[in-house]
Amino acid sequence: MADMTPPAGAGAFLSEHGWADATVLPLAGDASFRRYFRVTDGARSAVLMDAPPPEEDPRPFIAIAGWLTDHGFLPPQILAADMEQGLVLLGDLGDVRFRETVDAAPAEESALYGVAVDLLVDLARHPAAAVPPYDRAVLHREAGLLVEWYAPAIGLSVDIDGYRAAWDAVFDHALAATPVTVLRDYHAENLMLVGAGRRLGLLDFQDALAGHPAYDLVSLLQDARRTVDPALEAAMLARYRAATGADEDFMAAYHVLGAQRNAKIVGIFTRLWQRDGKPRYAALCPRVWAYLERDLAQPVLTPVKRWFDANIPADRRGDPLEIAA
């Protein structure tokens, strides 16, 4: 459990920016070193982000928030920042999160996912922000997290060179001719429903890159933290394709990026358990494996599927903590 005591410099920072009498209460931690606190003063409220250096750097978050605002999207407003301490005061997008709303009202699931898909349609209409490329090197580095962390955690010795070669054979499909801004963690727990019109507020976009528009669709529809039914996934893909004219090449990219992202997440969740002492993430791996296997069944991923079949038996795909035990 993250320590949710406000950082030492919070009081002076808030006082400097007009919140001297505010109450500071824990809001959330996440899988990184970042922590969030709600700051209230009478009817006013804001969110304090603690992104402590050197582990965190809030500048990319601030830059992408500005880009999103300029292009008509709804990130938290940047109210104040202290780069040296890693403190950022944000506008408060409220407490109505997409995840809990959909879970509480299943009849609204399709409509709400439709809104989230439509935002990605809009995002894909804009040239990419000035961010690094989501290129082959990044794709390889991320996919490699599975063999770096998951395989050793469950006691498997695997063909690492063959793994890289298998991915290299399919990554051409995942490299966009015209890149868009990829938020990279666009899923139900990072979307807020703001105001009476329930406009989508955006969180956790500091790692944005310029890459293929299918990636954020994968993040939404193959959500590591919430099971998305295959029928809903298919309906939302059809909605996106109808709005954009996305063709079979787009679908090939979707499945390659789905497999790549899910392999990465299995590695990251294993690392969070083993290195960072956060075992709850290991328990999410079976869902991620289910998505990964759905993607591997697509013909475009035949080389990668062959590697998995030869190196990671079906009964070794799951919760690494349980398998290791």
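The structure this text deals with has already been given above.
(A) The arrangement of the pairing of strand E5 (residues 87-91) in detail. Counting buried positions over the 5 residues of E5 gives 5, a clear majority of the element. The hairpin turn running from strand E4 (residues 78-82) into E5, its antiparallel successor, is 4 residues long, and Gly86 in that turn takes a positive phi close to 75°.

(B) The arrangement of the environment of Val180 in detail. Within the fold, Val180 resides in strand E6 (residues 180-182). The spacing of Val180 and Val131 is 49 residues in sequence and 10.0 Å in space, taken between C-alpha atoms.

(C) Up close: the packing of aromatic side chains. Here the structure, examined in full by the defined rule, presents 12 aromatic pairs. Aromatic pair Tyr134 and Tyr215: ring centres 5.1 Å apart, planes at 50°, arrangement tilted. Here the residue Tyr134 occupies a position in the loop between helix H4 (109-123) and helix H5 (136-143), and Tyr215 occupies one in helix H8 (residues 214-221), the gap between them amounting to 81 residues. Here the two residues Tyr134 and Tyr215 agree in accessibility, since each one is buried. Seen in terms of ring centroids, Trp307 and Phe308 are 5.1 Å apart; in terms of plane orientation they differ by 85°. Their pairing is edge-to-face. Judged by relative accessible area, which is 6%, Trp307 ranks as buried. According to the relative accessible area criterion, Phe308 is buried, its value standing at 0%. Through a chain of ring-to-ring contacts, three or more aromatic side chains come together here, namely Tyr150, Tyr163, Trp167, Phe171, Trp289, Trp307 and Phe308. Over the ring of Trp19 we find Arg44, and its NZ or CZ is 3.8 Å from the ring centre. A cation over an aromatic ring shows up here: Arg184 above the ring of Tyr134, its NZ or CZ 4.9 Å from the ring centre.

(D) The arrangement of H4 in detail. The end-to-end C-alpha distance of H4, which contains 15 residues, comes to 21 Å, matching closely the 21 Å that a straight helix rising 1.5 Å per residue would cover. Among all positions in H4, only Glu109, Leu112, Tyr113, Gly114, Ala116, Val117, Leu119, Leu120, Val121 and Leu123 are buried.

(E) A look at helix H6 (residues 145-153). By the criterion of burial, H6 is predominantly enclosed, with 7 of the 9 residues buried. Of the positions making up H6, those classed as buried are Leu145, Leu146, Val147, Trp149, Tyr150, Ala151 and Ala153. Residues of H6 that are buried make contact with H5, helix H7 (160-168), helix H10 (248-274), helix H11 (285-296), helix H12 (302-311) and helix H13 (320-324). Note on H6: the residue one or two positions beyond its end, Gly155, has a positive phi of about 80°.

So, how was this worked out
- Residues numbered from 1 in each chain as written.
- Predicted model: local features only at pLDDT ≥ 70, side-chain atom pairs only at ≥ 80, totals over all residues.
- Heavy atoms only, no water.
- Buried < 20%, exposed > 50% of the residue type's maximum accessible area, 1.4 Å probe, protein only.
- Helix = DSSP H or I, 4+ residues; strand = E, 2+ residues; numbered from the N terminus.
- Pairing = 2+ DSSP bridges.
- Phe/Tyr/Trp six-rings, centres within 6.5 Å; stacked < 30°, edge-to-face > 60°.
- Lys NZ or Arg CZ within 6 Å of the ring centre and 35° of its normal.
- Expected span 1.5 Å × (residues − 1).
- Contact = heavy atoms within 4.5 Å.

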